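Chain residues, written in single-letter form:
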Amino acid sequence: MNKYTPVIGLEVHVELKTNSKMFCACSADYFGKKPNTHTCPVCLGLPGALPVPNKKAIEWCVMIGLALNCDIPLFSKFDRKNYFYPDLAKGYQISQYDKPFCQKGWIELSNGKRIGITRVHMEEDTGKLIHETVNGKKVSLIDFNRSGVPLVEIVTEPDFETADEVKEYLQKLQQIVRYLNVSNADMEKGDMRLEPNISLKKENETELPKYKVEVKNINSFGFVTKAINYEVKRQTEILEDGKTPVQETRGFVEKNSSTITQRVKEEASDYRYFPEPDIPPIRWSENEIGKLKSFLPELPNTKFLRFQKEYSLSQYDNELLIRSLELANYFEEAVKAGQLVNITPKQIANHIINKKIDINNILPAKLVEEIFTAIKTDSVDNEELKKIIKKVLSDNPKVAQDYKKGKDTVIQFAIGQVMYIIKKKIDTEILKKLIMEELK
């Protein structure tokens, strides 16, 4: 049996959370709203209606590109991507073809591998098909509320070799987008949709395979992992039979974690791209790009390294604390409050993580107060403490015997007995040290 290496690329669509749609003034807050109530002649593609680009959406697209280490060309344009599908009222989608807003970027994985980003471009979302039974007949209904919502597409190079690499990349991408506060990236609501391209090549081959299979509109990290693993197995079996998998678009079936054929994959020429005649080209100055760059927050990787250096936290603690910008900011506010009462960053991190603190319900200063109260100890005379320790060890001779046999756990028993007798909250580290000295 031949051995094959997966060749995987990704297309990720991220809906921006602007107030209005990409080319009209309709509200972009469409989720859960009554169908076809957020529409106008522009997003319905009615004759004579002209698009006006959303400046904020374009700026946010460029900021995503900057956060992904992309080059930002000073000249860009919109294009028409022509295809007929019921949820596309105009018969074409306004997108970008050969002059995207951002190109040639990367994200670095935890193993040091860089995943190349080919392009980050701007387009408009389509309507949503709803399949129902009406009067006993199966019909497809169209809700155009989503049509025209700003959509950023992020396309990678075919640099992934495993589903785990794909999952880590997606988690990092989602985190970056949320740090920028340009999208909620909530996959359950369709804010972030994942489309892997998967093919296989023989080990040690350098050329890319002559085909690729795209799996469309996946909405969870777990499902994208299952889709990739299924495709690797399916394509391996086809190649082992001496055949080449069909270049096609497939859909993911959740109930059995498989994929099914949807349509034979189109080439770029099938879309008959041409420059959008109703929108002038976009020209930037270096100063404008520099200004957008200055709006970028401290991004997750940079924050991770700073937390490691400033607070001497473990990798595990750091990863949890920077998972969201809100949690990271909360932790740092608590650290400032903790400095006033000698509570360390490690103590604060432990409390937040171990107690699963709801940061929306307790202020950082109140959290520090809780920690201070929890660790506050009563003062006890060492001589008095030593007398109690001697009594405990005398009453429990097995403690010394077991300790000499290397059973360190008996120390905890001794600590418990002393605490029971003294009935005060004392520093257990000091108590442990005194017990161990007595046992020597």
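Structure's up top.
Residues numbered from 1 in each chain as written. Predicted model: local features only at pLDDT ≥ 70, side-chain atom pairs only at ≥ 80, totals over all residues. Heavy atoms only, no water.

**Student:** Summarise the sheet that holds strand β1 (residues 4–15); cite the residues concerned and give the values.
**Tutor:** One open sheet accounts for eight strands, arranged β5-β6-β9-β1-β10-β11-β12-β13; its pairing is mixed. The open sheet has two free edges, formed respectively by β5 (102–108) and β13 (258–264), since each of these has just one partner strand. Neighbour to neighbour, the strand axes of the sheet diverge by 30° on average, direction disregarded. Where β1 and strand β9 (residues 150–156) come together, five bridges link them in antiparallel fashion. From the neighbouring strand, E15 faces β9, where its bridge partner is L151. Contacting β1, β5, β6 (114–124), β9 and β10 (192–202), helix α2 (residues 163–180) runs over the sheet at an angle of about 20° to β1. (Pairing = 2+ DSSP bridges. Helix = DSSP H or I, 4+ residues; strand = E, 2+ residues; numbered from the N terminus. Axes fitted to C-alpha atoms, helices over the stretch in contact; angles between N-to-C directions. Contact = heavy atoms within 4.5 Å.)

**Student:** Mind laying out the nonpolar core, listing which residues take part and the relevant values?
**Tutor:** Residues L68, F78, F101, V120, I154, Y169 and L170 are the most contacted members of the largest nonpolar core, which totals 66 residues. Examining the composition of this core, we find that nine residues originate from one element, helix α1 (residues 55–67), more than from any other. Non-local contacts of I154, meaning those with residues more than four positions away in its chain, are made with L10, E11, V12, V14, I64, L68, I117, R119, V120, Y169 and L173. By size, the runner-up hydrophobic cluster in this structure holds 25 residues, among which are L320, A328, A334 and I343. (Core = buried A, V, L, I, M, F, W, Y, C linked by side-chain atoms within 4.5 Å. Buried < 20%, exposed > 50% of the residue type's maximum accessible area, 1.4 Å probe, protein only.)

**Student:** Describe a nonpolar patch on the surface, and please don't skip the residues or the numbers.
**Tutor:** Together, L340, V341 and F372 give the surface a local cluster of nonpolar side chains, amounting to about 290 Å² of exposed area. Relative to the helices and strands, V341 resides in the loop between α7 (325–339) and α8 (345–354). (Patch = residues over 30% accessible without salt bridge, like charges linked within 9 Å, V, L, I, M, F, W, Y side chains within 5 Å. Areas by Shrake-Rupley, 256 points an atom, 1.4 Å probe, with all protein chains shown as cover. Salt bridge = Lys/Arg side-chain N within 4 Å of Asp/Glu carboxyl O.)

**Student:** So what's going on with the packing of aromatic side chains? Which residues, and what values?
**Tutor:** Within this structure, the stated rule accounts for 10 aromatic pairs. Relative to Y169, the ring of F160 lies with its centre 5.2 Å away and its plane at 75°, an arrangement referred to as edge-to-face. Summarising the burial analysis for this pair, F160 and Y169 share the class buried. When the ring of F223 is compared with that of F252, the centres are 5.3 Å apart and the planes differ by 40°; the resulting orientation is tilted. Linking F223 in helix α3 (residues 221–240) with F252 in strand β12 (residues 248–253), this pair joins segments that are 29 residues apart in sequence. Assessed through its relative accessible area of 16%, F252 is described here as buried. Put simply, the rings of Y83, Y97, Y271 and Y273 pair up and form one aromatic cluster. The cationic tip of K81 hangs over the ring face of Y271; the distance from NZ or CZ to the ring centre is 4.5 Å. Directly above the ring of W106 sits R114, whose terminal nitrogen or CZ lies 3.5 Å from the centroid. (Phe/Tyr/Trp six-rings, centres within 6.5 Å; stacked < 30°, edge-to-face > 60°. Lys NZ or Arg CZ within 6 Å of the ring centre and 35° of its normal.)

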